[in-house]
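# Working through the structure, step by step
For reference, the chains in residue letters:
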Amino acid sequence: MNHKQFERWILDDSPLNEEQQQILDAHLLTCEHCQKLNHGWKNSLKAITASPYIAPAAGFSDRWQSKLRFEKKRRSIVRMRVILFSSILLVLVSLLTYIVLSGSLGEFLANLITSSTHILLFLTHGIANLSNFIQEIPSLVRWSAGIFLVGVANIFVILLVVILWKAKKNQEEWQEVRDYGEK
Ligand SMILES: [Zn+2]
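Residues numbered from 1 in each chain as written. Predicted model: local features only at pLDDT ≥ 70, side-chain atom pairs only at ≥ 80, totals over all residues.

### Considering the overall build of the protein
Rules: Put simply, DSSP H or I for four residues or longer makes a helix, DSSP E for two residues or longer makes a strand, and each gets a number counted from the N terminus. Here the globule rule is a power law, 2.2 Å times the number of residues to the power 0.38, and the radius of gyration is based on C-alpha atoms. Once C-beta atoms are placed from the backbone, each residue is buried if 20 or more other C-beta atoms lie within 10 Å of its own, exposed if 12 or fewer, and partly exposed for counts between those two. Think of it this way: build a C-beta for each residue from its backbone, and any pair within 7 Å is a contact.
Helices and strands together make up the secondary structure of the protein, namely six helices and zero strands. Its helices and strands taken in sequence order, the protein reads α-α-α-α-α-α from the N to the C terminus. For the protein, the C-alpha radius of gyration of 41 Å lies well beyond 16 Å, the compact-globule estimate for 183 residues. With the C-alpha coordinates aligned to their principal axes, the bounding extent of the protein is approximately 125 × 50 × 20 Å. By residue count, 2% of the 183 residues in the protein fall in the buried class. Sequence separation of 24 or more characterises 63% of the internal contacts of the protein that already satisfy a separation of 6 or more.

Written out as structure tokens, the structure is:
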């Protein structure tokens, strides 16, 4: 006897029509092989549907959320870096294109050196002039200016420390979020 069709009907998920069901039922009454298969299959289906639902571990949602936040942060940083690098690249490429198009790399270099020299000369003159200027200021004013400058420098140092401290704190918080997310 050929059981293939009945085996397919037993194991298939799609429902049988009335006629097929009747034929299968009739066959099951007479065929031990298909009966066993039918029982076994029904029992395994029962076992599968009866298995307890596995609930997500506690805090799963929170961890997932923080992981999501971390991922967002990471992505925005990556995006910023990409924008920065593309800008730099764009400037470099534009500059290169300009040099190549104007067909005068030598001229460009010459101009660059000339302007650098000019700037250097200007700065040197400026410093010389400035020290002359300072020499002419009465010493009291010089001392006051010195103290004032030291004060300004101190403010800058304090600002720098605060900025560094904040950056460190931010990084620590971020690290916490990352650790939490990876848990
Ligand atoms: Zn059979």
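### With respect to the environment of asparagine 2
Turning to its location among the elements, asparagine 2 is positioned in the segment before helix H1 (4-11). For asparagine 2, a count of 6 C-beta atoms within 10 Å corresponds to the exposed category. For asparagine 2 and asparagine 43, which are 41 residues apart along the polypeptide, the C-alpha to C-alpha distance reads 24 Å.

### Concerning the UniProt feature "transmembrane region" (unreviewed entry) in the protein
Where we set the bar: UniProt positions are given in the numbering used here, feature names are shortened, and annotations may be inferred rather than shown by experiment.
Per the UniProt record, "transmembrane region" (unreviewed entry) is annotated on residues 82-102 and 140-165. In residues 140-165, the share of helix is 100% and the share of strand is 0%. The end C-alpha atoms are 38 Å apart.

### Points about the domain arrangement of the protein
So the rule is basically this: Boundary definitions for the domains trace back to an automatic or database domain assignment.
Partitioning the protein into domains gives domain 1 (4-50) and domain 2 (139-183). On a C-alpha basis, the centres of domain 1 and domain 2 stand 77 Å from each other.

### Side note on helix H2 (residues 18-30)
Test applied: The span one expects for a helix is its residue count, reduced by one, times 1.5 Å.
For H2, built from 13 residues, the straight-helix expectation of 18 Å at 1.5 Å per residue is met to within 8% by its first-to-last C-alpha distance of 19 Å. For H2, the tally of buried residues reaches only zero of 13 residues, placing the bulk of the element at the surface.

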